[in-house]
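Structural description and commentary
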Amino acid sequence: MSHIHQILTKKEKNYCEYFGIFGTLLSATCLIQHLIFAIPNWLTYPMIPVYILSTIAFILLILQKPAALILLIITAAATAVIEFVYITHAAFSLVVLLLFLYSLIVVVLFYTESIPAKLKQKLAAEKAEADEWAGKI
């Protein structure tokens, strides 16, 4: 069991937690802004699931799940499309731009620090430990 906790360093765990918390707050801000200020139409309705997906991705990052980074890549691409739609329709959202840049920076930072591989190792170790204890309890 102590092996599972030694896969990620304290710095990497802090990255996951703090980047995840701030990203969750930023995603929630985008969603609240959208619900309050966006004019409801066929163009703005598909934006809401992107903000919800972004929130889920950052929550998974807090929980140190490997799927979080894949969802963050999808979120970064989707928020880039949303910002493009805003700009082409004579609107601008600084919060959505910040969410796009933040998602992109988090993905780049995590891949340069090799955190996704460590998260996969942690998941495999947790599964192995669960399998080991499955017949004993």
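Described in the following lines is the structure provided in the data block.

Calculation rules
- Residues numbered from 1 in each chain as written.
- Predicted model: local features only at pLDDT ≥ 70, side-chain atom pairs only at ≥ 80, totals over all residues.
- Heavy atoms only, no water.
- Core = buried A, V, L, I, M, F, W, Y, C linked by side-chain atoms within 4.5 Å.
- Buried < 20%, exposed > 50% of the residue type's maximum accessible area, 1.4 Å probe, protein only.
- Helix = DSSP H or I, 4+ residues; strand = E, 2+ residues; numbered from the N terminus.
- Contact = heavy atoms within 4.5 Å.
- Axes fitted to C-alpha atoms, helices over the stretch in contact; angles between N-to-C directions.
- Parallel < 35°, antiparallel > 145°, perpendicular 65-115°, else oblique.
- Left-handed = near helix turned anticlockwise from the far one by under 90°.
- Nonpolar A, V, L, I, M, F, W, Y, C, P; charged D, E, K, R; others polar.
- Salt bridge = Lys/Arg side-chain N within 4 Å of Asp/Glu carboxyl O.
- Phe/Tyr/Trp six-rings, centres within 6.5 Å; stacked < 30°, edge-to-face > 60°.

Counting 28 residues, the largest nonpolar core has Y51, L61, L72, I82 and F110 as its most contacted members. Counting residues per element, the ones that place at least two in this core are helix 2 (10-37), helix 3 (47-62), helix 4 (67-88), helix 5 (94-112) and helix 6 (115-134). At eight residues, the largest contribution of residues to this core is made by helix 4. Those residues in contact with L61 that lie beyond four places of it in its chain are C16, F19, G20, A68, L72, V106 and F110.

Our next topic: the side chain of S103. Locating S103 in the fold gives a position in helix 5. On the basis of relative accessible area, S103 is assigned to the buried category, the value being 0%. Setting aside residues up to four positions removed in sequence, S103 forms contacts with F58, L72, T75 and A76.

Before going further, it helps to spend a moment on the packing of helix 4 against helix 5. At their nearest, the axes of helix 4 and helix 5 sit 8 Å apart, and the two run at 150 degrees to each other. Relative to helix 5, the element helix 4 lies roughly antiparallel. Considering only the axes of helix 4 and helix 5, their crossing is left-handed. Where helix 4 abuts helix 5, its residues L69, L72, I73, T75, A76, T79, A80, I82, E83 and Y86 lie against V96, L97, L99, F100, S103, L104, V106, V107, F110 and Y111. Class assignment of the residues belonging to the contact of helix 4 with helix 5 gives a composition of 16 nonpolar, three polar and one charged.

Attention now moves to the pattern of salt bridges. One pass over the full model with this rule turns up one salt bridge. Here E12 and K118 are joined by a salt bridge, their closest N and O atoms 2.7 Å apart. In this pair, E12 sits in helix 2 while K118 sits in helix 6, placing the two residues 106 residues apart along the sequence. With a relative accessible area of 5%, E12 lands in the buried category.

All right, on to the packing of aromatic side chains then. Any pair of aromatic rings gets described here by the distance separating the centres and the angle formed by the planes. Enumeration over the complete set of coordinates arrives at six aromatic pairs. With a centroid separation of 6.1 Å and 55 degrees between ring planes, the pair formed by F19 and Y102 is classed as tilted. Here Y102 lies in helix 5 and F19 lies in helix 2, a separation of 83 residues in the sequence. Taken together, a centroid distance of 5.8 Å and an interplanar angle of 40 degrees make the contact between F58 and Y102 tilted. Here F58 is found in helix 3, whereas its partner Y102 is found in helix 5, with 44 residues between them in sequence. Cluster of aromatic residues (ring-pair linked, three or more members): Y15, F19, F22, F58, Y102 and F110.

Before going further, it helps to examine unusual backbone geometry. Even without glycine at this site, A90 takes up a positive phi of about 60 degrees. With respect to the element layout, A90 can be found in the loop between helix 4 and helix 5. The class for A90 is exposed, based on a relative accessible area of 77%. Of note in the backbone geometry, S114 takes a positive phi value of approximately 60 degrees without being a glycine. By secondary structure assignment, the location of S114 is in the loop between helix 5 and helix 6.

In short, geometric facts, not functional conclusions.
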